[in-house]
Amino acid sequence: MNLYLSGWAGFKEVLEDVPENWKFLIPFVDFDEHGIIKFLEDKSGQTVMGWSTGGHIILKNFHFFSERFKLIVIISGFNKFTDYVNPKVIKRMINKIELEPDSVVRDFLIKAGCKPILPKNLDKHALIEGLKFLLTSDFSYSNTYPGKKHKLTLIHGSMDKILPSQALYDLQRLYPYAEIYLKKSSHRIPFSDCIS
């Protein structure tokens, strides 16, 4: 099995370039962090790719994922989201979702460099839980990359309007053996640019 663990509001309709034969999960829409771990307890595969929030969850649970997948690819990853995005911005999004969920998600997708395609029914509760997660989730060095035996690739877009490229270099300090790439792209990096 190959797994694509998407980002906040990273719906399949938006990420149409992820191959159909890859398992596709959206944090907090399909499962929360613990639900993702539980779902994968008896599964393994070749590659796990995590975009933004999905990448954060993979890195936060690195030992779990590295035991199950041979290759880990993180796109637009981060250690702590609020190191780069003011918490007030996230709180405003939470408040606005109650009244205008379509508008909030559409604005985010455009800023992320995605097509602003929305599913027919937005799960406001799941979106809010995902944003609350971004306000507080963090991981320490003790949970991180144990060494050269695991293949880890970190990719970031040089034109990312959500997270600065500093997020990539901060992760590089935690994962000194990872391969890192700064691509000429936005927060959303095309699938073909992330797999070799």
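Before any of the text, the structure's been laid out above.
Residues numbered from 1 in each chain as written. Predicted model: local features only at pLDDT ≥ 70, side-chain atom pairs only at ≥ 80, totals over all residues. Heavy atoms only, no water.

1. A short note on the packing of helix α4 (residues 87-99) against helix α6 (residues 124-136)
- Close contact between α4 and α6 brings their axes to 10 Å; oriented N to C, the two are set at 170°. As the angle between them shows, α4 and α6 are arranged roughly antiparallel. Contact residues: α4 offers Pro87, Ile90, Lys91, Met93, Ile94, Ile97 and Glu98, while α6 offers Lys124, Leu127, Ile128, Leu131, Lys132 and Leu135.
- When the residues that make up the contact of α4 with α6 are grouped by side-chain class, the tally is 9 nonpolar, no polar and 4 charged. (Axes fitted to C-alpha atoms, helices over the stretch in contact; angles between N-to-C directions. Helix = DSSP H or I, 4+ residues; strand = E, 2+ residues; numbered from the N terminus. Parallel < 35°, antiparallel > 145°, perpendicular 65-115°, else oblique. Contact = heavy atoms within 4.5 Å. Nonpolar A, V, L, I, M, F, W, Y, C, P; charged D, E, K, R; others polar.)

2. Here we look at the packing of aromatic side chains
- A full pass over the atoms with the stated rule returns 9 aromatic pairs.
- With a centroid separation of 5.2 Å and 25° between ring planes, the pair formed by Phe31 and Phe39 is classed as stacked.
- Taken together, the ring pairs connect Phe64, Phe65 and Phe69 into an aromatic cluster.
- Sitting over the face of the ring of Phe39, Lys43 holds its NZ or CZ atom 4.2 Å from the ring centroid.
- Stacked on the ring of Tyr181, the Lys or Arg Lys183 has its end atom at 5.6 Å from the ring centre. (Phe/Tyr/Trp six-rings, centres within 6.5 Å; stacked < 30°, edge-to-face > 60°. Lys NZ or Arg CZ within 6 Å of the ring centre and 35° of its normal.)

3. Notes on the pairing of strand β4 (residues 69-75)
- Counted residue by residue, β4 has 6 buried out of 7 residues, so it is predominantly covered.
- Note: strand β3 (residues 45-51) against β4, 6 bridges, orientation parallel. Bridging across to β4, Gly50 finds its partner in Ile74.
- Looking at chain direction, β4 and strand β5 (residues 151-157) are connected through 5 bridges and run parallel. Looking at the pairing, Ile75 lines up with Ile155 of β5. (Buried < 20%, exposed > 50% of the residue type's maximum accessible area, 1.4 Å probe, protein only. Pairing = 2+ DSSP bridges.)

Everything listed here is a matter of coordinates, which is why it stays silent on function.
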